[in-house]
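An overview of the molecular structure
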Amino acid sequence: MHSNQSGPPVQASRERVIKAVAKSSTRESSAVGTGADATVTAVNGVDAQSPQLDDTTPVIGLIDLDQVSDAYERLRAAFSGGTDVLHAVACKAVPLLPLLRYYAEAGAGCEVASPGELDLALTAGFAPERIVFDSPAKTLSELKRAVTLGVSMNIDNYEELDRLDAILDGRTTSARVGIRINPQSGTGTIGALSTATQTSKFGIGLADAGAREALIDAYLARPWLNQIHVHSGSQGISLDQAAAGIEIVVELAQEINRRAAQTHGRDRQVTRIDIGGGLPVNFAGEEITPTFADYRAVLVAQVPGLFDFDIITEFGRALLAKAGTILTHVEYAKTTGGRRIAMTHAGVQAATRTAYAPADWPLRILPFDPDGNPKSAEEVPTDVAGPACFAGDLLARDRMLPRLDAGDIVAVPDTGAYYFSNPFSYNLLPRVPVYGYRANQGAVEYALIRRGQSREEILAEAGEPEIAPYRLVQNEGDS
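What this report covers is the structure whose coordinates are included nearby. (Residues numbered from 1 in each chain as written. Predicted model: local features only at pLDDT ≥ 70, side-chain atom pairs only at ≥ 80, totals over all residues. Heavy atoms only, no water.)

**Digging into the pattern of salt bridges**
As a reminder, the rule being used: Salt bridges, as used here, are contacts in which a Lys or Arg side-chain nitrogen is within 4 Å of a carboxyl oxygen on Asp or Glu. The helix count covers DSSP runs of H or I at least four residues long, the strand count covers runs of E at least two residues long, and both are numbered beginning at the N terminus. Remark: exposure states derive from per-residue accessible area (1.4 Å probe, protein chains only) relative to the maximum for the residue type, with buried under 20%, exposed over 50%, and partly exposed in between.
Evaluation of the coordinates by the stated rule reveals 20 salt bridges. For D414, the salt bridge is made with R364, and the minimal N-O distance between the two is 3.1 Å. One end of the pair, D414, is in the loop between β17 (409-413) and β18 (434-440); the other, R364, is in the loop between α11 (352-356) and β14 (366-368), with 50 residues separating them in the sequence. For R431, the salt bridge is made with E461, and the minimal N-O distance between the two is 3.7 Å. With R431 in the loop between β17 and β18 and E461 in the segment after α12 (455-460), this residue pair connects regions lying 30 residues apart in the sequence. Residue E461 is classed as exposed on the basis of its relative accessible area, which comes to 56%.

**Quick look at the environment of A388**
In plain terms, the rule: Two residues form a contact once any of their heavy atoms are found within 4.5 Å.
Looking at the secondary structure, you find A388 in the loop between β15 (379-385) and β16 (394-402). For A388, a relative accessible area of 9% puts it in the buried group. Once residues lying within four places of it in the same chain are set aside, the contact partners of A388 are V348, D393, Y426, N427 and L429.

**A word on unusual backbone geometry**
Here the amide bond leading from T289 into P290 is cis, since omega sits at 0°, within 30 degrees of zero. With respect to the helices and strands, P290 occurs in the loop between β10 (272-274) and α9 (292-302). Of note, R268 is a non-glycine position whose phi angle comes to about 55°, a positive value. Tracing the backbone through its elements, the reader meets R268 in the loop between α8 (239-264) and β10. With phi around 75°, Y418 is a residue other than glycine that occupies positive phi space.

**Observations regarding the packing of helix α5 (residues 140-149) against helix α6 (residues 158-168)**
Convention followed: For helices, the fitted line uses only the C-alpha atoms of the stretch in contact; every axis is such a line through C-alpha atoms, and the angle between N-to-C directions lies from 0 to 180 degrees. An angle below 35 degrees is treated as roughly parallel, one above 145 as roughly antiparallel, one from 65 to 115 as roughly perpendicular, and anything else as oblique. Whether a crossing is left-handed or right-handed is set by the direction in which the near helix is turned from the far one by less than a right angle, anticlockwise for left-handed and clockwise for right-handed.
Two numbers describe how α5 lies on α6: the axes approach to 10 Å, and their chain directions differ by 55°. In terms of their interaxial angle, α5 and α6 are classed as oblique. Of the two possible hands of crossing, α5 and α6 adopt the one that is right-handed. Each of L140, L143, K144 and V147 in α5 lies in contact with α6, whose residues at this interface are E160, R163, L164, I167 and L168.

**Comments concerning the packing of α8 against α9**
Between α8 and α9, the shortest axis-to-axis distance is 10 Å and the interhelical angle comes to 45°. By the criterion of interaxial angle, the relationship of α8 to α9 is oblique. Between α8 and α9 the crossing geometry is right-handed. On α9, the residues that touch L239, D240, A242, A243, A244, I246 and E247 of α8 are D294, Y295, V298, L299 and Q302.

**A closer look at the pairing of strand β13 (residues 339-344)**
Operational definition: A pair of strands is considered paired only if DSSP assigns at least 2 bridges between the two.
Pairing of strand β12 (residues 324-336) with β13 involves 6 bridges; the strand directions are antiparallel. If you follow V330 over to β13, its bridge partner there is T344. Connecting the antiparallel pair β12 and β13 is a turn made up of 2 residues, with G337 showing a positive phi of about 60°. The pairing of β13 with β15 spans 4 bridges and is parallel. Each residue of the ladder has a partner; that of R340, found in β15, is T382.

**Structural notes on the side chain of N282**
Short version of the rule: Pairs of N or O atoms are called polar contacts if they sit within 3.5 Å, as long as, within protein, a hydrogen donor faces a hydrogen acceptor (for residues adjacent in sequence, only side-chain-to-side-chain pairs).
In this structure, N282 sits in the loop between β10 and α9. Accessibility expressed as a relative area gives 18% for N282, which makes it buried. Side-chain polar atoms of N282 contact the backbone oxygen of E287, separated by 2.8 Å.

Listed below in structure tokens is the structure:
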């Protein structure tokens, strides 16, 4: 496998911004500036004051904007040449309007799976024809809206296909429409993320009795079915295993096209294959491995027929994980049962998957002293705990780390995808603010991506002011 060599620059930029945040957070003055070795400026017209780690804001999210753009360029380069490719960024990994707007302006598409994500994609500036709607539970009204807008759709099952037939009522559509296929190619190391199992909730199982012929018949009866979808990759799935699932669907598309030509004289009914996303991310270190180039090489070797079609990709985690860092400070530290426990403000509200499935989603912990320097101390067994009131709210358990003390800073890298998109409001913990940054030589530039959630906003989401008076409803036939 190739390894991307941007790891060290990403690490250097992260350490520079952590030091800048540490310095700005300890200043009594709010004047702009972070000391002799760095200055703070604004981008996009945002107030230049740097993000703070203090009692009011004890946890923040940081996104390396240079890494975001570099990752997208690496993806484009890996799939360039020959065929038309739409890189539809997975909205669920990054439902943050400024970042989605960047991708729209860069020429990407957007993969959405709900009405809210569809609205966000449109607001971010994605043209409808560059949006891919993948929800497995689309309502009738959602299908009607998608047809009206002309967004691309992947149909999950035959009942949904019947609904679409009724909406179209014999008409064709400008939307690119396909069916999601489950190649039933196997389970990875994370069962909850494996989408190509024998009984996956997604798509139509191709290996089920009679399924292949039924799918071919469905395409032959509908000339507007012109793409096909598969998502066989994910964290915990090898590149070879993901490619095996894609190969099965490419062979199906080729057979549909042969039959369509023989039976109806159609020239290449299926012209586009949506291969989904799911490139694994290295959460164990700085290196970016596997790379998009690695994936392309495996696909060329194992599924050369894929490149006879136009292609959609739906990457999210692989584009953004390495760009993100959660930053918090240690509020208290204690030793219990021979283990050091560092109490922080970053836990299940941001790292939900890690708290509930730590074996599947381990995260690195990077300790810094209050001045933002890498912590140097004797390593001791440590739990890094979050603020929520349950025992499993841990970012790391029994991890050998330099002894952490109150006031130290904890950085959690590789959190740019999903960790800022799935806020969990247990204990009414607020959504954390997220800042983009560019750490150039001698300067740190910030751009606010999402404001932190205020207490007023938390209260506004807590329900109506009071329970309304009950209204008696008389049942029919009652006297």
